[in-house]
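# Report on the structure
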Amino acid sequence: MSHSVHYNYGHIVFHTRCARIQIHPDDLLRVHGYIRGIGRQLGVQYMVVGGIEDHVHILGNFPMNRLQCDIVKDIKVSTSRWLSGLRSQYRNFYWQGGYGYFSVSPMRFDDVAGYIARQREHHLHETTQQEYERMKAQAESFIPVMDASAPFPFIPEP
């Protein structure tokens, strides 16, 4: 076979660094479009971007030749710089230092894309912090816990 096939679908979430400096609702679509453009330049395919004033969600197929952490850093730095020139209210805008990265099965791509599209409605019932904690707990529920006394690699006993 002369080529490689790579599927690395992920759902990334990050928050504004300062709660008092948020993205104005009139600017959200522009910010999401800007993030999609940067992501495409960085090789992310099938991008879906959404969120509300205090956080962003990014869904896409991340390239195999770049680390997700570098892609997220580049998106955050570029977006912060762009926003700081957009309006004076964003002069001190920054994203939080960290982010959440959740693997997504290609079979669940449409479900997660729909979830991202319904952020405004969703956050009528759940805060951003509650959302992040729930997503983290759901992801962790799929990770098998290894018995520290078991030999490595973990092999369940009969």
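See the structure shown above.
All of the points below concern the structure found in this document. No experiment lies behind these values; they were computed from the predicted model shown.

### A word on the packing of helix H1 (residues 28-41) against helix H2 (residues 68-86)
Between H1 and H2, the least distance of the axes is 10 Å, while the angle of their chain directions is 140°. Classified by the angle their axes make, H1 and H2 are oblique. Between H1 and H2 lies a crossing of right-handed hand. Where H1 approaches H2, its residues Arg 30, Val 31, Tyr 34, Ile 35, Ile 38 and Gly 39 are matched on the opposing element by Asp 74, Ile 75, Ser 78, Thr 79, Trp 82, Leu 83 and Leu 86.

### Here we look at the sheet that holds strand E3 (residues 55-61)
Hydrogen bonds between backbone atoms are what pair the strands of a sheet, whose relative direction is either parallel or antiparallel. Reading across the sheet, the four strands line up as E2-E3-E1-E4 and stay open at both edges, with antiparallel pairing between neighbours. A strand with exactly one partner marks an edge of an open sheet, and here the two such strands are strand E2 (45-52) and strand E4 (100-103). Each strand axis lies, on average, 15° off the axis of its neighbour in the sheet, ignoring direction. Of the strand pairs in this sheet, strand E1 (residues 9-15) and E3 are connected by seven bridges, and their pairing is antiparallel. From the neighbouring strand, His 15 faces E3, where its bridge partner is His 55. Of the strands in this sheet, E2 and E3 touch H1, which is tilted by about 150° from E2. Of the strands in this sheet, E1, E2 and E3 are in contact with helix H3 (residues 109-117), which crosses E3 at around 160°.

### Some details on the layout of surface pockets
In this structure, the largest pocket spans a volume of roughly 470 Å³. Lining of the largest pocket is provided by 15 residues; of these, Ser 103, Val 104, Arg 108, Val 112 and Gln 138 occupy positions nearest its centre. In terms of residue count, the dominant contributor to the lining of the largest pocket is helix H5 (residues 128-140) (four residues). Split by residue class, the lining of the largest pocket holds eight nonpolar, four polar and three charged.

Parameters at a glance
- Residues numbered from 1 in each chain as written.
- Predicted model: local features only at pLDDT ≥ 70, side-chain atom pairs only at ≥ 80, totals over all residues.
- Heavy atoms only, no water.
- Axes fitted to C-alpha atoms, helices over the stretch in contact; angles between N-to-C directions.
- Helix = DSSP H or I, 4+ residues; strand = E, 2+ residues; numbered from the N terminus.
- Parallel < 35°, antiparallel > 145°, perpendicular 65-115°, else oblique.
- Left-handed = near helix turned anticlockwise from the far one by under 90°.
- Contact = heavy atoms within 4.5 Å.
- Pairing = 2+ DSSP bridges.
- 1 Å grid on protein atoms, 1.4 Å probe; cavity = no way out; pocket = protein on both sides within 12 Å on 5 of 7 lines; lining within 4 Å.
- Points joined across faces, edges and corners; volume = space filled by probe spheres on them.
- Nonpolar A, V, L, I, M, F, W, Y, C, P; charged D, E, K, R; others polar.

These figures capture arrangement, not role.
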